[in-house]
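Survey of secondary and tertiary structure
So the chains spell out like this:
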Amino acid sequence: MTGRRTDGGGSTAPAPAAGAGTVPAVRLAAAGITLIAACYGLARFAYGLFVPVLGAEFGLSAAAAGAIASASYAGYCAAVVAASAATPRWGPRAVAVAAGAAAASGTGLIAAAPGAAVLAAGVVLTGVSSGAVSPPLAGAVARWVEPRRADRVQSVVNAGTGLGVMVSGPVALLFAEEWRLSWAAFACAATAATLWTAAVVPSHRRRRAAGARAGGHGVGAGAGARAGAGAGSAPERRDLPARTSSARGLPAGALRMLAAAGVMGAASSAVWTFGRDVAVAQGASEPASTGMWIVLGAAGLLGALTGDVAARAGLRRAWFGGMLALAAATAGLVLAAGGTPGIHIAGGLFGAVYIALTAVLLLWGTQVYADAPACGVGAAFLAIAAGQAAAAPAVGAVSDAFGPGAAFASAALVAAAGAALGPPRGRRPHGPDRAQEDRAPAGGRMREPDAVPGAERVPGAEGVPCGR
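So, a few notes on the structure that sits alongside this text.

Conventions adopted
- Residues numbered from 1 in each chain as written.
- Predicted model: local features only at pLDDT ≥ 70, side-chain atom pairs only at ≥ 80, totals over all residues.
- Heavy atoms only, no water.
- Helix = DSSP H or I, 4+ residues; strand = E, 2+ residues; numbered from the N terminus.
- Expected span 1.5 Å × (residues − 1).
- Bend = angle between axes of the 7 residues up to and from the residue.
- Buried < 20%, exposed > 50% of the residue type's maximum accessible area, 1.4 Å probe, protein only.
- Salt bridge = Lys/Arg side-chain N within 4 Å of Asp/Glu carboxyl O.
- Phe/Tyr/Trp six-rings, centres within 6.5 Å; stacked < 30°, edge-to-face > 60°.
- Contact = heavy atoms within 4.5 Å.

Considering helix H10 (residues 254-281)
Counted at 1.5 Å a residue, the expected span for H10 with its 28 residues is 40 Å, and the 40 Å between its end C-alpha atoms agrees. Of all the bends in H10, the greatest measures close to 65 degrees and is centred on Phe274. Taking burial as the measure, the 28 residues of H10 include 20 buried ones, the bulk of the element. Of the residues flanking the end of H10, it is Gly283, one or two places downstream, whose phi is positive at about 110 degrees.

Thoughts on the pattern of salt bridges
The final tally for this structure, using the stated rule, is three salt bridges. Taking the shortest distance from any N to any O, the salt bridge between Arg180 and Glu57 comes out at 3.7 Å. Here Arg180 is found in helix H8 (residues 179-200), whereas its partner Glu57 is found in helix H2 (residues 46-58), with 123 residues between them in sequence. Residues Glu146 and Arg149 are paired through a salt bridge, measuring 3.8 Å at the closest nitrogen-oxygen approach.

Digging into the packing of aromatic side chains
Evaluation of the coordinates by the stated rule reveals 13 aromatic pairs. For the pair Phe45 and Tyr354, a centre-to-centre distance of 6.0 Å together with 90 degrees between the ring planes defines the contact as edge-to-face. Placement of Phe45 in the loop between helix H1 (25-44) and H2 and of Tyr354 in helix H14 (residues 340-368) is noted, with a sequence separation of 309 residues between them. Like Phe45, the residue Tyr354 is buried in the burial classification. The interplanar angle of 75 degrees and the centroid separation of 5.4 Å between the aromatic rings of Trp272 and Phe350 together place this pair among those described as edge-to-face.

A look at the side chain of Ser130
Residue position: Ser130 is located in helix H5 (residues 116-144). In contact with Ser130, other than residues within four places in its own chain, are Cys39, Tyr40, Arg44 and Tyr76.

Okay, structure coming up:
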């Protein structure tokens, strides 16, 4: 995934023609950002918005609310592994539609929940939906969007979380006295987003058939596309530069990326699970605390700019600054002590940097797993959720025992420490090694992801599509 494909001398290699196996970037970005908004912003993260009312309705302590959030993150972890494995086999559309169906089902269960057990089941399903949605959408962008636009489209789609969070706030205000109607509206929105995605993303079978009719050529993964032969000839397999492994079955740099993602997830769990609850407990009114959630989501839309920012500043600088800002936002929410200007500023900063950091991890993951971008995104987002699953109940327990100030201060310290875990120095969304690999002859087309030489499986990992 790169903003430009260069040959190292300042010229750009031609991208595939718009009709040569591509999908209009605007259509795919619009459908993708909507489905992400439904699965993340409405289905998954809206739970934090409703923790105060759900706690009162079902008699949940902070520890119990954290445990339910942790179960949701566990569902996310299982789903992201399954989606990363299923996307190469079933295609992006089938997996994305399954994710949307899980979002609609989970939000519907929450709307109708008669007790805490059904509520927890619905929350877990919403976690499953968000875990299943990112790998197929990343794979769809990588496969069907021109490489020169792929990074920007990936960042735009990823910003859907902010859009969904922003929308959930007004819905909660509209149905302030009837929270179940809010979740019913979320279920309807998730259903609509799923149907739209099914209409926009091509089917796996039709895409492969189209590639065969075109002589075996197609648009490759933006993050790991390899140059094929000239138009009209069969793709010529060529050896890729050898990669060292940081551990068995992992490409070089994967352990560092996964550790960074896990730390970021752990640091962010305090605000996502208890942010609004803390604001209300410190004296913020219901409209003010909901307004903080809206600001958080609206600021998250700035994450759509991450691809362009990272291309200029580099992923390392973007990560370092983002993690320090995440620490400041987490601590600032408690320091604001429920004051309206303060919680809005802290919430807005958190929303902007959280989405930006997930976009950095998305780009970082597609570089580390250049031959399997959906796997790279799945691995990064799995580590985020694992960190959140581990931290959410701990944050709740610390908050019960020592107060929210201690819990949020601990999360802020974790974020600050995680700033040192960024990508290696000099890593950018389009490095010299990638420019060499992505070079294509004039008039050439990108080969199918299935034909990428680097997709071979490691010994002992048969059946694992992520390979390497």
